[in-house]
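# Chain and residue survey
Listed below, chain by chain, are the residues.
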There are 2 protein chains.
Amino acid sequence: MSFIATPEFLHFPQALPLQSGASIRDYTLAYETYGSLNAERSNAVLVCHALNASHHVAGVYAGQDKSEGWWNNMIGPGKPVDTNRFFVIGINNLGSCFGSTGPMHTNPDTGQVYGADFPVVTVEDWVNAQARLLDRLGVQQLAAVLGGSLGGMQALSWTLQYPERVRHAVVVASAPNLNAENIAFNEVARRAIVTDPDFHGGHFYQHGVVPKRGLRIARMIGHITYLSDDVMNAKFGRQLREGLNLKYSTQDIEFQIESYLRYQGDKFSEYFDANTYLLITRALDYFDPARAFGGDLSQALARATAQFLLVSFSTDWRFSPQRSREIVKALLDNRRNVSYAEIDAPHGHDAFLLDDARYMGLISAYFDRIAKEFA
Amino acid sequence: MSFIATPEFLHFPQALPLQSGASIRDYTLAYETYGSLNAERSNAVLVCHALNASHHVAGVYAGQDKSEGWWNNMIGPGKPVDTNRFFVIGINNLGSCFGSTGPMHTNPDTGQVYGADFPVVTVEDWVNAQARLLDRLGVQQLAAVLGGSLGGMQALSWTLQYPERVRHAVVVASAPNLNAENIAFNEVARRAIVTDPDFHGGHFYQHGVVPKRGLRIARMIGHITYLSDDVMNAKFGRQLREGLNLKYSTQDIEFQIESYLRYQGDKFSEYFDANTYLLITRALDYFDPARAFGGDLSQALARATAQFLLVSFSTDWRFSPQRSREIVKALLDNRRNVSYAEIDAPHGHDAFLLDDARYMGLISAYFDRIAKEFA
């Protein structure tokens, strides 16, 4: 049984300065909280989301049975991040299409829908916006910040931007920056969207169309990179969609994997905003805390004072274990308190969202340890 | 100094039955030959091409300095496949856009350009067409058939379809079939092409347009899979295209890798035919000699009597060494004469086209050995 989650919204009239030099004002952040903040305000856990997710981390919405939050297996009463002990906060990032202010909203400066004019936001900008929201919630210091993939980058960035506000950072299936191949996949996806004639330079809303062709391609590419070779072969292999006979067609679906990818692409194109896709992939591309230190990650992470848990998955080729180990090494160079686990899981990058007894057990044990600090 | 190559053409009035049940008649094959067929007709080497290549394997065209054949480093006088000793034949496959009959030609049955109605051709169909061309050239038995990637699949198929006509098969950077991930990448590329509004169901020629957006995306995806992570990081890493300052833009080029991919996509979309792309990727998807044997590759390869050299490259993740080893194992199960080399090269799948002393030395030594059989 899942508990009932309720989205909340906070408006921020004051301009938020962005890394690009631009700023954004009169914006709204959507968030959810689960559990209760204790009297010492010491049990707050912030959960940061990745590309296709939101503030709806756990629970279900009233009357909507199938609306489980994206990390509902991880967070809730009695779960690894136990909401009977922790006050868990999920925040939807700026530029998203799931509730917080994003490209489909109105720019207060022009009275027009932002569209492609929504300012480029970075991981650092998101963390600043999250910090402001925590101020409003009365949370000065987090027991932990937790995230997977792009969410892990935010968790890492928290420890650098607000070292005094984070006691523990749990960084799952993440990386200190994207490598060339990661950027390349993002770029192909963006080109598919931007060159879709229905994109209209990012102002498709006013044309009453959606660049669905581009979104479908973007999502298909994404899905390939989320899965491991192994799991794709186990799940689909060379299975034909219909019986045993080949159709000998270049355009009809012949293999199950084609059917799966087209379905995922179609579904995604129905709800995801094209401008949000561009913004979030760019935030991924730009994240690189070592950049200001000539590429020296150890120097870059010297500011972090939090304790860390890093987790990677053996078959994740998008953010491979090697990338997590770079973070571990840089933290150890600074003599920080780091735990690291490389989980042998077949599911590729997707593993961070899936049930795996060792993974869940590990997170559970780590949060038990955190809970003891304020129990 | 490269020698002068001259394309030749042979017309085939008689219908070629295809694996799909369809047939194709009145077709032309473009080919080139280098060196001379010896009196015993025992020194012929057939070179099979992959996706973006043709009959123009080696040499340059008269008056066109930069027109080197795609395997000019491998084939020519004094090169690993030495045209002073071997009579080398390059054939452009049916459905290509580089000279042989393809989708942009006229269907003799309708008087219309084939377009998307060009019949689906398979690796087996190509091999049958190649065999007919060899008949016309008076080559009954090949000293060797040689190919990389999709070309390697053709070389393997030769040993199964015409075992008595092949003494040696050299199968480089290839696989006994595509895995789910390979098919998935092909499918995304095809969807990008087919959903480009300029594709017009494959009959874009009559609309005077080309689905360049789709072709660009297809090529960008292809390029990512041809390269290794290592070589991408070494060549591009996170280098910015312009100086040191970020532009903070979702659509402008920011990283060198983006610039490279866009350039490759643009170039490709200027000359490659969209229907050919669909046909060739489908031929890749369909190739699976073990299919008729319930997936048992050892049984499937029992027919082969040729001697084999298989070569793979350590960083090739498109057709990984593991896939070559599957072929080696199946041949050894049949007690065939097999040599296998796994070359430690950083360049990914592309390595099969590049200079590498050990690779070149290996092919050279193997062809020396073949030459001794008829010297």
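Treat the numbers as computed from the prediction; the structure is a model and nothing was measured.

## Overview of the packing of helix H6 (residues 256–271) of chain A against helix H3 (residues 180–194) of chain B
At a closest axis distance of 9 Å, the pairing of H6(A) and H3(B) adopts a crossing angle of 50°. Put simply, H6(A) runs oblique to H3(B). By crossing handedness, the relation of H6(A) to H3(B) is classed as right-handed. Contacts from Ile257(A), Glu258(A), Leu261(A) and Arg262(A) in H6(A) reach Ala180(B), Ile183(B), Ala184(B), Glu187(B), Val188(B), Arg190(B) and Arg191(B) in H3(B).

## Observations concerning empty space enclosed by the protein
Here the structure, examined in full by the defined rule, presents six cavities of 30 Å³ or more. Taken as a whole, the largest cavity holds about 120 Å³ of empty space. If you trace the largest cavity, you find 14 residues lining it, with Ala192(A), Thr195(A), Arg213(A), Ala192(B) and Thr195(B) closest to the centre. Counting only elements with at least two residues in the lining of the largest cavity, the list comes to helix H4 (212–226) of chain A together with helix H4 (212–226) of chain B. Here the residues of the lining of the largest cavity are counted per class, giving six nonpolar, four polar and four charged.

## Some remarks on the pairing of strand S11 (residues 307–313) of chain B
Residues and elements named next belong to chain B. Counting buried positions over the seven residues of S11 gives six, a clear majority of the element. Pairing of strand S10 (residues 168–172) with S11, which is carried by five bridges, proceeds in the parallel orientation. Opposite Val171, over in S11, you have Leu310 as the bridge partner. Examined bridge by bridge, S11 and strand S12 (residues 338–343) share six bridges and lie parallel to one another.

## Comments concerning helix H9 (residues 321–333) of chain B
Residue and element names in this part refer to chain B. Over its 13 residues, H9 extends 18 Å from the first C-alpha to the last, a length consistent with the 18 Å expected when each residue adds 1.5 Å. Of the positions making up H9, those classed as buried are Pro321, Arg323, Ser324, Ile327, Val328, Ala330 and Leu331. If you follow the buried residues of H9, they end up packed against helix H2 (150–161), helix H8 (297–300), S11 and S12. Note on H9: the residue one or two positions beyond its end, Arg335, has a positive phi of about 55°.

## Comments concerning the side chain of Ser157(A)
All names here are of chain A. Within the fold, Ser157 resides in helix H2 (residues 150–161). On the accessibility criterion, Ser157 (2% relative accessible area) is buried. What Ser157 contacts, discounting residues up to four positions off in sequence, is Val123, Glu124, Val127 and Phe287.

## Digging into the interface of chain A and chain B
With 60 residues of chain A at the contact, the number on the chain B side is 60 residues. Across the chain A/chain B interface, buried area totals approximately 5100 Å², and carbon plus sulfur atoms make up 61% of it. Of all residues in chain A, the largest losses of buried area upon contact with chain B belong to Arg238(A), Tyr248(A) and Thr250(A), amounting jointly to 15% of the total for that side. Linking chain A to chain B there are eight salt bridges. With a closest N to O distance of 2.8 Å, Arg190(A) and Glu258(B) form a salt bridge. Remark: the boundary between chain A and chain B carries 28 residue pairs in polar contact (both at pLDDT 80 or more).

## A short note on helix H7 (residues 274–286) of chain B
Residue and element names in this part refer to chain B. Taking 1.5 Å per residue as the helical rise, H7 with its 13 residues ought to reach 18 Å, and the 19 Å between its terminal C-alpha atoms agrees with that figure. Counting buried positions over the 13 residues of H7 gives 13, a clear majority of the element. Structurally, the start of H7 carries an N-cap: the backbone nitrogen of Asn275 is 3.0 Å from a side-chain oxygen of Asp273.

## Describing the nonpolar core
Among the nonpolar cores identified, the biggest contains 194 residues, and Trp158(A), Phe308(A), Trp158(B) and Phe308(B) are the most heavily contacted of them. Ignoring anything within four residues of it in the chain, the contact list for Phe308(A) reads Leu156(A), Thr159(A), Ala169(A), Val171(A), Leu331(A), Asn337(A), Val338(A), Ser339(A) and Tyr366(A).

## Notes on the layout of surface pockets
A water-sized probe, rolled over the atoms, reveals where empty space remains. In this structure, the largest pocket occupies an estimated 860 Å³ of space. In terms of lining residues, the largest pocket is bounded by 33 residues, among which Asn52(A), Ala53(A), Trp70(A), Arg219(A) and Leu353(A) are the most central. Counting residues per element, the ones that place at least two in the lining of the largest pocket are H4, helix H5 (229–235) and H6 of chain A. Per-element tally for the lining of the largest pocket: the top contributor is H6(A), with five residues. A class-by-class count of the residues in the lining of the largest pocket yields 17 nonpolar, 10 polar and six charged. Asn52(B), Arg219(B), His223(B), Asp350(B) and Leu353(B) are the residues nearest the centre of the second largest pocket, which is lined by 26 residues in total.

## Concerning the sheet that holds S12(B)
Residue and element names in this part refer to chain B. As summarised here, the arrangement of the eight strands in space is S1-S4-S8-S5-S9-S10-S11-S12, forming an open sheet in which the pairing is mixed. Only two strands of the sheet have a single partner each, and these edge strands are strand S1 (8–12) and S12. This sheet shows a mean twist of 20° between the axes of neighbouring strands, independent of strand direction. Set on the sheet, H2 makes contact with strand S5 (44–48), strand S9 (144–148), S10 and S11; between it and S9 the angle comes to about 150°.

## Considerations on the pairing of strand S10 (residues 168–172) of chain A
Residue and element names in this part refer to chain A. Counting buried positions along S10 gives five out of five residues, so the element sits mostly inside the fold. Of the two faces of S10, the one carrying His168, Val170 and Val172 and the one carrying Ala169 and Val171 are both buried. With four bridges joining them, strand S9 (residues 144–148) and S10 adopt parallel strand pairing. Bridge pairing links Val145 to Ala169 in S10. Handedness of the β-α-β unit built from S9, H2 and S10 comes out right-handed.

## Thoughts on the packing of H3(B) against H7(B)
All names here are of chain B. At their nearest, the axes of H3 and H7 sit 10 Å apart, and the two run at 160° to each other. Here H3 is positioned roughly antiparallel relative to H7, judged by the angle of their axes. Crossing of H3 over H7 shows left-handed handedness. Here Ile183, Asn186, Ala189, Arg190, Ile193 and Val194 of H3 lie close against H7, whose contacting residues are Ala274, Tyr277, Leu278, Thr281, Arg282, Leu284 and Asp285. Grouping the constituent residues of the contact of H3 with H7 by class yields eight nonpolar, two polar and three charged.

## Observations concerning the confidence of the model for chain A
Confidence along chain A averages 97 in pLDDT terms, with 100% of residues attaining 70 or more. Predicted complex metrics record ipTM = 0.96 and pTM = 0.97.

## Quick word on the relation of the copies chain A and chain B
Once turned by 180° and shifted 0.0 Å along the axis, chain A lies on chain B with an RMSD of 0.0 Å. In symmetry terms, the pair is related by a two-fold rotation axis. When the interface residues of chain A are mapped onto chain B, 100% of them again fall at the interface, so both copies present the same face.

## Focus on the sheet that holds S10(A)
Residue and element names in this part refer to chain A. Overall, mixed pairing links the eight strands, which are arranged S1-S4-S8-S5-S9-S10-S11-S12 in an open sheet. A strand with exactly one partner marks an edge of an open sheet, and here the two such strands are strand S1 (8–12) and strand S12 (338–343). If you compare each strand with its neighbour and ignore which way they point, the axes differ by 20° on average. Contacts from H2 reach strand S5 (44–48), S9, S10 and strand S11 (307–313) within the one sheet, and its direction differs from that of S9 by about 150°.

## Some words on unusual backbone geometry
Residue and element names in this part refer to chain B. Phi is positive for Arg41, which is not a glycine, with a value near 55°. Assignment of secondary structure puts Arg41 in the loop between strand S4 (27–34) and S5. Even without being a glycine, Arg335 presents a positive backbone phi close to 55°. Of note, Arg335 is situated in the loop between H9 and S12.

Rules behind the numbers
Residues numbered from 1 in each chain as written. Chains lettered and ligands numbered in written order. Predicted model: local features only at pLDDT ≥ 70, side-chain atom pairs only at ≥ 80, totals over all residues. Heavy atoms only, no water. Axes fitted to C-alpha atoms, helices over the stretch in contact; angles between N-to-C directions. Helix = DSSP H or I, 4+ residues; strand = E, 2+ residues; numbered from the N terminus. Parallel < 35°, antiparallel > 145°, perpendicular 65-115°, else oblique. Left-handed = near helix turned anticlockwise from the far one by under 90°. Contact = heavy atoms within 4.5 Å. 1 Å grid on protein atoms, 1.4 Å probe; cavity = no way out; pocket = protein on both sides within 12 Å on 5 of 7 lines; lining within 4 Å. Points joined across faces, edges and corners; volume = space filled by probe spheres on them. Nonpolar A, V, L, I, M, F, W, Y, C, P; charged D, E, K, R; others polar. Buried < 20%, exposed > 50% of the residue type's maximum accessible area, 1.4 Å probe, protein only. Pairing = 2+ DSSP bridges. Expected span 1.5 Å × (residues − 1). Buried area = accessible area lost by both parts, 1.4 Å probe. Salt bridge = Lys/Arg side-chain N within 4 Å of Asp/Glu carboxyl O. Polar contact = N/O pair within 3.5 Å; in protein donor to acceptor, adjacent residues only side chain to side chain. Core = buried A, V, L, I, M, F, W, Y, C linked by side-chain atoms within 4.5 Å. Right-handed = clockwise from strand over helix to strand, strands pointing away. pLDDT = per-residue confidence, 0-100. Least-squares fit on C-alpha atoms with pLDDT ≥ 70 in both.

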